[in-house]
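Notes for the structure review
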Amino acid sequence: MPTLDIQPNVTLDSSLPPHSATAAANANIALIKYWGKRDENLILPYTSSLSLTLSDLYTQTAVSFEDDLEQDTVTLDGEQLSSAGTTFRRVVGMLDLVREKAGIATKARVVSHNHVPTAAGLASSASGFAALASAASYAAGLRLNSRELSRLARRGSGSASRSIFGGLALWYAGDDDETSYAEQIVAPEDSNLAMIVVTLDERKKPVSSREAMRRTVETSPAYMPWVEQSKRDLAEALEAIRVADIEKLGEIVERNALGMHETMHKAAPPVNYFTDKTYAVLNAVKDMRECGWPVWATMDAGPNVKVLTVGDEVDRVMEELRGRVEGELRGRVEGDAAGVTDAAGDSRNLQYEQTKFTVALPGDGVTIHTSLE
Ligand code: DP6
């Protein structure tokens, strides 16, 4: 499939102070998953992956390199991060890569806002590191093209390599730093796809995707067979996209994600992100499909379910899905309550009301505003 040569959307902004830039990057959801690194330091994956960038779920990040700063400072959603935390260290890791490339030693101020629920399996690290890599490199005076930005974002979080691009993005596994990058294969306006994000739990997940991925590669006998299957899945998915066969694409997307979760279930110790509510949503999706609705489920490192559907049918699909999921959850709660009464009884009856449904249409690639120097 021909790829599109897309360059970042950069605006020179005279109102910004020198050595500063802001960037906004959308989240993406993988249709064919990235799961497992063969090089932890460079973040080189075992398999290529394919994703849909989503509009309106994004991270906005401002970076300025300032001579009078003694330390890097990072503020995320209004809270200054402690220099002992993992997120701070990962952000500074990205700043260090940028400083090395630009040949500077100046410390930076980073201010970031997530418009994606953090750490709920909704890929905030993808939009986060795509925005950070873009803002930091432009603030440092580097004028990277999209491929170079994708490679840089990858060093922060693998899935971030894809969030540089809008629409459908393909991340080539490659075999070294230079050959592992993403490209856009279908523009957002040309992909008649949409996702419905069913958020069941916004709490931070107990096992990070990074740890779960490592454990799977090291201990799961199901991992290498999934790697081989995923390569076939990607080839078939690309062909389904080429001939606009969404039924076929949906089938592959769902089996690829469920296969990835099986690899985790067989890790030692196992990692299981499924909850009762997850099963309820998966059942509702399956039942809808049996009634002819175009819906397929995918999941990442968390209990939430994303439902792939056809772009111009998304509103009626969403209404039907909401009704069915709420019915499933209510049924389960009533079923539970018949057998058990416990202190949590009250809150259980409210479970279905806390479920959130978000329609996400295909979104654009990263946008950057930078100072004039
Ligand atoms: C399940 O990109 O968050 O969402 O490279 O360790 O930062 P690191 O992992 P990350 O993993 C995403 C995994 C996934 C599947 C996907 O997005 O392809």
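Residues numbered from 1 in each chain as written. Predicted model: local features only at pLDDT ≥ 70, side-chain atom pairs only at ≥ 80, totals over all residues. Heavy atoms only, no water.

Describing the pairing of strand S15 (residues 367-370)
- Burial along S15 is one-sided: Ile-368 and Thr-370 are buried, while Thr-367 and His-369, pointing the other way, are not.
- Relative to S15, strand S1 (residues 9-12) runs parallel, the two being bridged by 4 bridges. Across the sheet, Leu-12 pairs through a bridge with Thr-370, a residue of S15.
- Where strand S2 (residues 20-32) meets S15, 4 bridges bridge the pair, whose relative direction is antiparallel. Paired with Ala-21 across the strands is Thr-370, a residue of S15. (Buried < 20%, exposed > 50% of the residue type's maximum accessible area, 1.4 Å probe, protein only. Helix = DSSP H or I, 4+ residues; strand = E, 2+ residues; numbered from the N terminus. Pairing = 2+ DSSP bridges.)

Some details on unusual backbone geometry
- The omega torsion across Ala-268 and Pro-269 is -10°, close enough to zero to call that bond cis.
- Unusually for a residue other than glycine, Asp-56 sits at a positive phi of about 70°.
- In this structure, Asp-56 sits in strand S5 (residues 49-65).
- Notably, Ala-244 is not glycine yet its phi reads approximately 55°, a positive angle.
- Here Ala-244 shows up in the loop between helix H5 (223-242) and helix H6 (246-265).
- Residue Ala-244 is classed as exposed on the basis of its relative accessible area, which comes to 67%.

Limitation: the analysis is restricted to geometry and does not speak to function.
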